[in-house]
Amino acid sequence: MEAVRLSKRLAELGICSRREADSYIEKGWVKVDGEVAVLGQKVTPEQRIELDRQAREAQSSRVTILLNKPVGYVSGQPEKGYPPAVALITGSSRWIEDRASQKFSPAHLKGLAPAGRLDIDSVGLLVLTQDGVVAKRLIGENSQVEKEYLVRVSGQMIPDGLALLNHGLSLDGEALRPAKVVWQNDDQLRFILRQGKKRQIRRMCEQVGLTVTGLKRVRIGKVMLGNLPPGQWRYLRDDEVF
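Residues numbered from 1 in each chain as written. Predicted model: local features only at pLDDT ≥ 70, side-chain atom pairs only at ≥ 80, totals over all residues. Heavy atoms only, no water.

Caption draft 1: Highlighting the pairing of strand β13 (residues 188-193). Buried residues dominate β13, accounting for 5 of its 6 residues. The sheet contact formed by strand β9 (residues 147-155) and β13 spans 6 bridges and is antiparallel. The residue bridging K147 from the neighbouring strand is L193, located in β13. Relative to β13, strand β12 (residues 180-185) runs antiparallel, the two sharing 5 bridges. Residue pairing in the sheet places V182 in a bridge with R190 of β13. Taking the residues that link successive antiparallel strands as the turn, the β12-β13 hairpin has 2 residues. (Buried < 20%, exposed > 50% of the residue type's maximum accessible area, 1.4 Å probe, protein only. Helix = DSSP H or I, 4+ residues; strand = E, 2+ residues; numbered from the N terminus. Pairing = 2+ DSSP bridges.)

Shown next, in the form of structure tokens:
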């Protein structure tokens, strides 16, 4: 069996991200066949990998937050005077119906990053996480997690436009993966995508003669936006998976 870097192996096993793995190895929290591992070490699939208690505690303390992003907030770093979505994560803006057991702590804001973006003008479900495994599952190169959107449009769709939205369009010189797109009502489409190119839905609609006037993400994988109010957030519960 071919040996691979220990950090890559830990990421492949879904234990942590490569960056987190390197941090754990550097701190002496990882053992291979009972011996403390070193940075850059390579392992084969049959070797036994163990995480020390400190590493397991670090993993279990990481949080994932679900936010109903309103218009006017950027998903990541602040830009052009627009505040970042993470600015909405405060003790007072937590949804009163959040059933997760965690108590809010400022430590939950450290390293909190969006796993999939929404434009300034788009609203709905935004995932912010400290967990590299969650981020990889949602936005990794090979992610197959569905994202569902309600998209209000104006204009006149070209003939065969709906079929093209489902499969047949390209962006940035690359054919898009098949999507599921249906009319929800006279001026609203429902999109289900398995990828997330920059402004993808708006650019897809432009290619078939439509202009997006409103966009709301309502689901990521098995997790729904549900009744979470705009500008409020809740924790991903232990019994929820994307």
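Here the narrative resumes, following the displayed structure.
Caption draft 2: Inspection of the packing of aromatic side chains at higher detail. Under the defined criterion, the tally for this structure stands at 3 aromatic pairs. With a centroid separation of 5.8 Å and 35 degrees between ring planes, the pair formed by Y24 and W29 is classed as tilted. W29 carries the same exposure label as Y24, and that label is buried. On the numbers, 5.6 Å between centres and 55 degrees between planes, the contact of F104 with W233 is tilted. Here the residue F104 occupies a position in the loop between β6 (64-69) and β7 (113-114), and W233 occupies one in strand β16 (residues 233-235), the gap between them amounting to 129 residues. For F104, a relative accessible area of 28% translates into the label partly exposed. Classification of W233 by relative accessible area gives buried; the value is 0%. (Phe/Tyr/Trp six-rings, centres within 6.5 Å; stacked < 30°, edge-to-face > 60°.)

Caption draft 3: Broad picture of the UniProt feature "domain: RNA-binding S4" (unreviewed entry) in the protein. When the UniProt feature table is mapped onto this chain, "domain: RNA-binding S4" (unreviewed entry) is found at residues 4-69. Counted over residues 4-69, helix gives 36% and strand 27%. Its end C-alpha atoms are 40 Å apart. (UniProt positions renumbered as here; feature names shortened; annotations may be inferred.)

Caption draft 4: Layout of the nonpolar core. Counting residues in each nonpolar core, the largest one holds 33 residues, and the members touching the most others are L67, Y149, V151, L165, L189, F191 and I201. Elements with a minimum of two residues in this core: β6, β8 (123-129), β9, β13, α6 (200-207), β14 (210-220) and β16. Residues contacting L67, with those up to four places away along its chain left out, are A85, L88, I89, G124, L125, L126, L128, L228, G231, Q232 and W233. Counting 15 residues, the second largest nonpolar core, distinct from the first, contains L66, V134, L138 and L236. (Core = buried A, V, L, I, M, F, W, Y, C linked by side-chain atoms within 4.5 Å. Contact = heavy atoms within 4.5 Å.)

Caption draft 5: Up close: empty space enclosed by the protein. Tallied over the entire structure, the rule returns 1 cavity of 30 Å³ or more. Quantified by volume, the largest cavity comes out at close to 70 Å³. Lining the largest cavity are 15 residues, with L176, R177, P178, A179 and Q200 sitting closest to its centre. Ranked by residue count, the leading element in the lining of the largest cavity is helix α5 (residues 161-166), at 3 residues. Partitioning the lining of the largest cavity into residue classes produces 8 nonpolar, 5 polar and 2 charged. (1 Å grid on protein atoms, 1.4 Å probe; cavity = no way out; pocket = protein on both sides within 12 Å on 5 of 7 lines; lining within 4 Å. Points joined across faces, edges and corners; volume = space filled by probe spheres on them. Nonpolar A, V, L, I, M, F, W, Y, C, P; charged D, E, K, R; others polar.)

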